[in-house]
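# Descriptive structure summary
Below are the chains, spelled out letter by letter.
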Amino acid sequence: MSKSLAVLILAALPLTAAAAPDPFTLDPMHSSVNFSIDHLGLTTIYGRFNKFGGKFALDTAAKAGSVEVTIDTASVDTNENDKGSRARSRDEHLRSADFFNAAEFPRMTYKSTKVAFTGDHPATIEGTLTLLGVTKPVTLTVERFKCNPATATAKERCGGVAVGKLKRSDFGMSRAIPSIGDEVALTVAWEANKD
Amino acid sequence: MNELFDHPAFQGGVAPLVIALVVGFALARTRFAWLAIVAGYVTMVGLTVGFSFTPLTVARKTILLGLLAPVIGIAADMLPRPSRAIAPALALIAGAASLWVFQTILQQRELSAALVAGTGVALFVAVLVGSTIRLREYGLRGGAAGLGLGLATGIAGLLSASIGYFLAGVAVAASAGAMLLVQVVLGRRIAPGYTGTLTIGLLTALFAAGSLMLAELPWYALPLLLLVPLAVALPAPERMSLIVRAAIFAVYALVAAAIPILAAWYAAHGSLT
């Protein structure tokens, strides 16, 4: 009896493993978290965060997944860190309490609540962004997604690009609106290795 | 019209000045005239970040204490038998309150760094509040101190990459300047009492500490701010007219305010030129 049970459990193990989502870890060297925002109604300022990390899990068979990304707010970079003759650079100002308040809120996090698929690929990621201590829903649209299978020398690797929009005032970041726009466009490009 | 309301000069300077003048003149014959300071500050807050209090950030705790300070000040002013212990007690409470304001930042630091920063900020807030409260009987000196401390913390805040603290400091300066004007126009001194001096001292101390903790203000600018209340305590000829005495105290305050501003400039530029 006990032998039959053990055989049954062993037989079921591969099924259990197949049903579990595959975990991936973001590769920061080949990923970027970018944003853009209107300035004075004249142009668009582009920026990025240089320090972040995250994981996602994917189960294409079950069409399920999850994403969690943590971003170091002090790593904001708008290619304007050289203040020249001015008192402070734009990036120093962005780190201050007027914007990202990096001393008080050193991290912002994005956690998915639902990943919707089109075919085998994730199409939209619904989730919540926590910024400045405020958590609000933010939906990302996956514009491209592809996985390369594992080889003899490399693990399975997936990559993609997701875009989304948010209103910074929803998070209490309301300084200098409307001179600096309220709507922020996000573009997250990533590659990740299967754990 | 919206463009006017969105302009920093209107938000931090013109609007607080006008509101403080209205409140100052309206309440000039009462002991509440120095509510003009908090009225000017609140005007700036309303025109910029508004009155949301969740989550309770450093900036929002500062606004809350700014609203609470005149309430405590009025209570202290209305005590039938004022005690000598009130001023030092208020200074110590203000220092302790600053630990609550910056608690979220201190908690993220290593224990030794948090102890140094917390003790330094609490001590600074207590001493600046105590120094400002000492001016509670003197309308012109109190107004000049508010003018100097507001400008010093505001401009130093701007040099430290914070528009928020710039607007806040300038709003207090404009409101204190308004109270100087009210006294000059009416031709009589109006003692700020605890209502005015606690509000000025606590707000400007928290602005400076905030610029240190949340922006780039160097620590050595903080003790230099203490020169402002010391400077306005310098003597001025009694026989001169009110307007001349107001001008003299304002000059004292502005000269002293220039020193912490220069410190912030030095930190930003690496030189004084």
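A few words on the overall build of chain A. Secondary structure summary: chain A contains 2 helices and 11 strands in total. For 195 residues, the compact-globule formula gives about 16 Å, and the C-alpha radius of gyration of chain A, at 21 Å, lies well above that figure. Seen through its C-alpha atoms, chain A measures out along the principal axes to roughly 80 × 35 × 30 Å. In chain A, buried positions account for 39% of the 195 residues. Contacts spanning at least 24 positions in sequence make up 54% of the contacts within chain A whose residues lie at least 6 apart. Put simply, chain A shows about 10700 Å² of open surface, and 58% of that area lies on carbon and sulfur atoms. Averaging the positions of the 23 positive and the 22 negative side-chain charges in chain A gives two centres separated by 2 Å.

What follows concerns the packing of helix α3 (residues 35-47) of chain B against helix α4 (residues 58-77) of chain B. Working note: a packed helix pair is described by the angle between its axes plus the distance between those axes. Residue and element names in this part refer to chain B. Contact geometry of α3 with α4 gives a least axis separation of 10 Å together with a crossing angle of 165°. With respect to α4, the element α3 is oriented roughly antiparallel. Both α3 and α4 take part in a crossing whose hand is left-handed. On α4, the residues that touch Leu-35, Val-38, Tyr-41, Val-42 and Val-45 of α3 are Thr-62, Ile-63, Gly-66, Leu-67, Pro-70 and Ile-74. Taken together, the residues of the contact of α3 with α4 break down into 9 nonpolar, 2 polar and no charged.

Grouped burial of nonpolar side chains is what soluble globular proteins tend to show. Counting 87 residues, the largest nonpolar core has Tyr-41, Phe-102, Phe-124, Val-125, Met-179 and Leu-202 of chain B as its most contacted members. With 12 residues, the single largest contributor to this core is helix α10 (residues 193-214) of chain B. Dropping the residues within four chain positions of it, Met-179 of chain B is found in contact with Gly-24, Ala-33, Trp-34, Ala-36, Ile-37 and Ile-190 of chain B. The next biggest cluster of nonpolar side chains, apart from the first, holds 41 residues, and it includes Phe-49, Phe-117, Cys-158 and Ala-192 of chain A.

Moving on to unusual backbone geometry. The omega torsion of the bond from Ile-177 of chain A to Pro-178 of chain A falls at 15°, within 30 degrees of zero and hence cis. Here Pro-178 of chain A shows up in the loop between β10 (157-167) and β11 (180-194). Residue Pro-55 of chain B is bonded to the preceding Thr-54 of chain B through a cis peptide linkage, with omega at -10°. Counting through the fold element by element, Pro-55 of chain B comes out in the loop between α3 and α4. Here the phi dihedral of Asn-101 of chain A falls at roughly 50°; this positive angle occurs in a residue that is not glycine. Tracing the sequence through the fold places Asn-101 of chain A in the loop between α2 (90-95) and β7 (107-118). Its identity is not glycine, yet Ala-176 of chain A carries a phi of approximately 65°, on the positive side.

Across the boundary between the two partners, chain B contributes 24 residues, which contact 24 residues of chain A. For the pairing of chain B and chain A, the buried interface totals around 1800 Å² over both sides, and the portion due to carbon and sulfur atoms is 52%. For the interface between chain B and chain A, the tally reads 0 salt bridges. Connecting chain B to chain A are 8 residue pairs in polar contact (both at pLDDT 80 or more). Looking at the side of chain B that touches chain A residue by residue, the class counts come to 13 nonpolar, 8 polar and 3 charged.

All names here are of chain B. A cluster of nonpolar side chains, contributed by Phe-51, Leu-56, Leu-64, Leu-67 and Trp-100, occupies part of the molecular surface with about 390 Å² of accessible area. Among the secondary structure elements, Leu-56 is positioned in the loop between α3 and α4. Its relative accessible area of 34% is what places Leu-56 among the partly exposed residues.

Here we take up the pattern of salt bridges. Scanning the entire structure with this criterion turns up 12 salt bridges over all chains. Between Lys-194 of chain A and Asp-22 of chain A there is a salt bridge, with the nearest N and O atoms lying 3.7 Å from each other. Of this pair, Lys-194 of chain A sits in strand β11 while Asp-22 of chain A sits in strand β1 (residues 22-26), and the two are 172 residues apart along the sequence. Two residues, Glu-238 of chain B and Arg-245 of chain B, come together in a salt bridge whose shortest N-O distance is 3.5 Å. Owing to a relative accessible area of 58%, Glu-238 of chain B belongs among the exposed residues under this scheme. Owing to a relative accessible area of 4%, Arg-245 of chain B belongs among the buried residues under this scheme. Counted as one network, the salt bridges with shared partners bring together Asp-22, Glu-156 and Lys-194 of chain A.

Let us now look at the packing of aromatic side chains. Applying the stated rule across the entire model yields 11 aromatic pairs over all chains. Ring plane angle 45° and centroid distance 5.4 Å describe the contact between Phe-35 of chain A and Phe-49 of chain A, whose orientation is recorded as tilted. You can see Phe-35 of chain A sitting in strand β2 (residues 32-39) and its partner Phe-49 of chain A sitting in strand β3 (residues 43-49), a full 14 residues away along the chain. Since its relative accessible area comes to 4%, Phe-49 of chain A is described here as buried. An angle of 40° between the planes, with centres 5.7 Å apart, marks the rings of Tyr-41 of chain B and Phe-207 of chain B as tilted. On the criterion of sequence distance, the pair formed by Tyr-41 of chain B in helix α3 and Phe-207 of chain B in helix α10 is long-range, its members being 166 residues apart. On the basis of relative accessibility, which here comes to 3%, the residue Tyr-41 of chain B falls in the buried class. Three or more aromatic residues joined by ring pairs make a cluster, and in this case those are Phe-24, Phe-56, Phe-145 and Trp-190 of chain A. Lys-61 of chain B extends its terminal NZ or CZ atom over the ring of Trp-100 of chain B, reaching a point 5.0 Å from the ring centre.

Once that is clear, we can look at the confidence of the model for chain A. Residues of chain A with pLDDT of at least 70 account for 90%, and the chain-wide mean is 89. Considering only residues more than four positions removed or in separate chains, one finds that residues 12-17 of chain A, a stretch of pLDDT under 50, has 0 contacts.

Time to look at the packing of α4 of chain B against α10 of chain B. Residue and element names in this part refer to chain B. Between α4 and α10, whose axes approach to 7 Å, the crossing angle comes to 160°. With respect to each other, α4 and α10 are oriented roughly antiparallel. The crossing of α4 and α10 is right-handed. Seen from α4, the contacting residues are Val-58, Thr-62, Leu-65, Gly-66, Ala-69, Pro-70, Ile-72, Gly-73, Ile-74, Ala-76 and Asp-77; seen from α10, they are Gly-193, Tyr-194, Thr-195, Leu-198, Thr-199, Leu-202, Leu-203, Leu-206, Phe-207 and Leu-214.

Residue and element names in this part refer to chain B. Its 20 residues place the ends of α4 28 Å apart at the C-alpha level, agreeing with the 28 Å of an ideal helix rising 1.5 Å per residue. Within α4, burial applies to Val-58, Arg-60, Lys-61, Thr-62, Ile-63, Leu-65, Gly-66, Ala-69, Pro-70, Gly-73, Ile-74 and Ala-76. Looking at the buried side of α4, the elements it contacts are α3, α5 (86-101), α6 (103-106), α9 (163-186) and α10.

Here is what the cut-offs are and how they apply
Residues numbered from 1 in each chain as written. Chains lettered and ligands numbered in written order. Predicted model: local features only at pLDDT ≥ 70, side-chain atom pairs only at ≥ 80, totals over all residues. Heavy atoms only, no water. Helix = DSSP H or I, 4+ residues; strand = E, 2+ residues; numbered from the N terminus. Rg over C-alpha atoms; globule rule 2.2 N^0.38 Å. Buried < 20%, exposed > 50% of the residue type's maximum accessible area, 1.4 Å probe, protein only. Contact = heavy atoms within 4.5 Å. Areas by Shrake-Rupley, 256 points an atom, 1.4 Å probe, with all protein chains shown as cover. Lys, Arg positive; Asp, Glu negative; His and termini not counted. Charge placed at Lys NZ, Arg CZ, Asp CG, Glu CD. Axes fitted to C-alpha atoms, helices over the stretch in contact; angles between N-to-C directions. Parallel < 35°, antiparallel > 145°, perpendicular 65-115°, else oblique. Left-handed = near helix turned anticlockwise from the far one by under 90°. Nonpolar A, V, L, I, M, F, W, Y, C, P; charged D, E, K, R; others polar. Core = buried A, V, L, I, M, F, W, Y, C linked by side-chain atoms within 4.5 Å. Buried area = accessible area lost by both parts, 1.4 Å probe. Salt bridge = Lys/Arg side-chain N within 4 Å of Asp/Glu carboxyl O. Polar contact = N/O pair within 3.5 Å; in protein donor to acceptor, adjacent residues only side chain to side chain. Patch = residues over 30% accessible without salt bridge, like charges linked within 9 Å, V, L, I, M, F, W, Y side chains within 5 Å. Phe/Tyr/Trp six-rings, centres within 6.5 Å; stacked < 30°, edge-to-face > 60°. Lys NZ or Arg CZ within 6 Å of the ring centre and 35° of its normal. pLDDT = per-residue confidence, 0-100. Expected span 1.5 Å × (residues − 1).

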